[in-house]
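# Structure at a glance
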Amino acid sequence: MSRRIETCHFCSRPCYPSKGITFVRNDAKQFRFCRSKCHKNFKMKRNPRKLGWTKAFRRAHGKEMLVDSTLQFAQRRNVPVRYNRDLVAGTLRAMERVEELRKKRERQFYRNRMAGKAARELEADRKLVEENQHLLPPQYRDQAKEVLEGTQDADTIDMELEGVEEEVQTTKQKQAVKAKKKMKLVRGGEPEEMDVDE
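Below is a short write-up of the structure. All of these numbers come straight from a predicted model, not from anything done at the bench.

## Some points on the overall build of the protein chain
A count of helical and extended segments in the protein chain gives 6 helices and 4 strands. For the protein chain, the sequential pattern of α-helices and β-strands runs β-β-β-β-α-α-α-α-α-α. Of all 198 residues assigned to the protein chain, the portion counted as buried reaches 13%. Considering only intrachain contacts with a sequence separation of at least 6, the fraction spanning at least 24 residues in the protein chain is 38%. Surface accessibility of the protein chain: about 16500 Å² in total, with carbon and sulfur atoms responsible for 52%.

Given below as structure tokens:
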């Protein structure tokens, strides 16, 4: 009996020992499922790449990190190593650090993916108003025409968006400085630079 943490065949979530459902096909191939939802969808022959809550969908639609060195750390290694307390302690520290790096890179990936979303949504809203002006109440039609025809409001909105992007850039720079200071402390630097909140 294996005590390994398997991945769900349908949604790629972790299946912990003694949890979930195991389906064995006639050719002795095993399929692990983390919950009954995944098992039912598998029996209904649904494609996981077409369901928004699965990892396969997220990978196929560019919403998940695909190539990153931190993802290789958790791969199976079948090389038996004699127990060594220092090695185990180092591995546990490395696991924590890798998890921290992975989360940080995922956040950065999300920020890059969402960059410019506000401008795209604004453009889509303008297009919607332009196409459906006849549905607006009469008192709002004049305001809609002013916004669509007048460039002054659009310029002010664009300037506000640029200001928000500049703020994001400055916060990114501050976070980079904080991360460098923390790394110094982790690697054994002098704790004199504890003035992180600037």
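## Considering the packing of aromatic side chains
In this structure the tally under the stated criterion is 5 aromatic pairs. Within the aromatic cluster, the residues linked to one another by ring pairs are Phe23, Phe31, Phe33 and Phe42. Over the ring of Trp53 we find Lys37; its NZ or CZ atom is 4.0 Å from the centre of that ring.

## Some words on unusual backbone geometry
Positive phi is not limited to glycine here, since Ser18 has a value of about 70°. By the secondary structure assignment, Ser18 is in the loop between β2 (14-15) and β3 (21-24). In this structure Ser18 comes out as exposed when scored by relative accessible area, which is 64%. A positive phi is found at Lys45, a non-glycine position, where the angle reads about 60°. Among the secondary structure elements, Lys45 is positioned in the loop between α1 (36-43) and α2 (55-60). Residue Lys45 is classed as exposed on the basis of its relative accessible area, which comes to 76%.

## Details of a nonpolar patch on the surface
There is a patch of nonpolar side chains on the surface, built from Phe73, Tyr83, Val88, Leu92 and Met95 and spanning about 490 Å² of accessible area. Structurally, the position occupied by Phe73 is in the loop between α2 and α3 (85-114). Looking at Phe73, the relative accessible area reads 32%, which means it is partly exposed.

## Focus on the pattern of salt bridges
Taken as a whole and judged by the stated rule, the model has 8 salt bridges. Arg58 serves as the salt-bridge partner of Glu64, at 2.7 Å between the closest nitrogen and oxygen. Judged by relative accessible area, which is 15%, Glu64 ranks as buried. For Glu99, the salt bridge is made with Arg102, and the minimal N-O distance between the two is 2.3 Å. Taken together, the residues Glu99 and Arg102, both in helix α3 and 3 residues apart, mark about one turn of the helix. The network of salt bridges with common partners includes Lys55, Arg58 and Glu64.

## Remarks on α1
Among the residues of α1, Cys38, His39 and Asn41 are the ones counted as buried. The buried residues of α1 occupy an angular sector of 165° when the element is viewed end-on, so they sit on one face. Turned more than 90 degrees away from the buried face of α1, the exposed residues are Lys40 and Lys43. Close packing links the buried residues of α1 with β3 and β4 (30-33). Note on α1: the residue one or two positions beyond its end, Lys45, has a positive phi of about 60°.

Criteria and thresholds
- Residues numbered from 1 in each chain as written.
- Predicted model: local features only at pLDDT ≥ 70, side-chain atom pairs only at ≥ 80, totals over all residues.
- Heavy atoms only, no water.
- Helix = DSSP H or I, 4+ residues; strand = E, 2+ residues; numbered from the N terminus.
- Buried < 20%, exposed > 50% of the residue type's maximum accessible area, 1.4 Å probe, protein only.
- Contact = heavy atoms within 4.5 Å.
- Areas by Shrake-Rupley, 256 points an atom, 1.4 Å probe, with all protein chains shown as cover.
- Phe/Tyr/Trp six-rings, centres within 6.5 Å; stacked < 30°, edge-to-face > 60°.
- Lys NZ or Arg CZ within 6 Å of the ring centre and 35° of its normal.
- Patch = residues over 30% accessible without salt bridge, like charges linked within 9 Å, V, L, I, M, F, W, Y side chains within 5 Å.
- Salt bridge = Lys/Arg side-chain N within 4 Å of Asp/Glu carboxyl O.
- Arc of directions from axis to C-beta.

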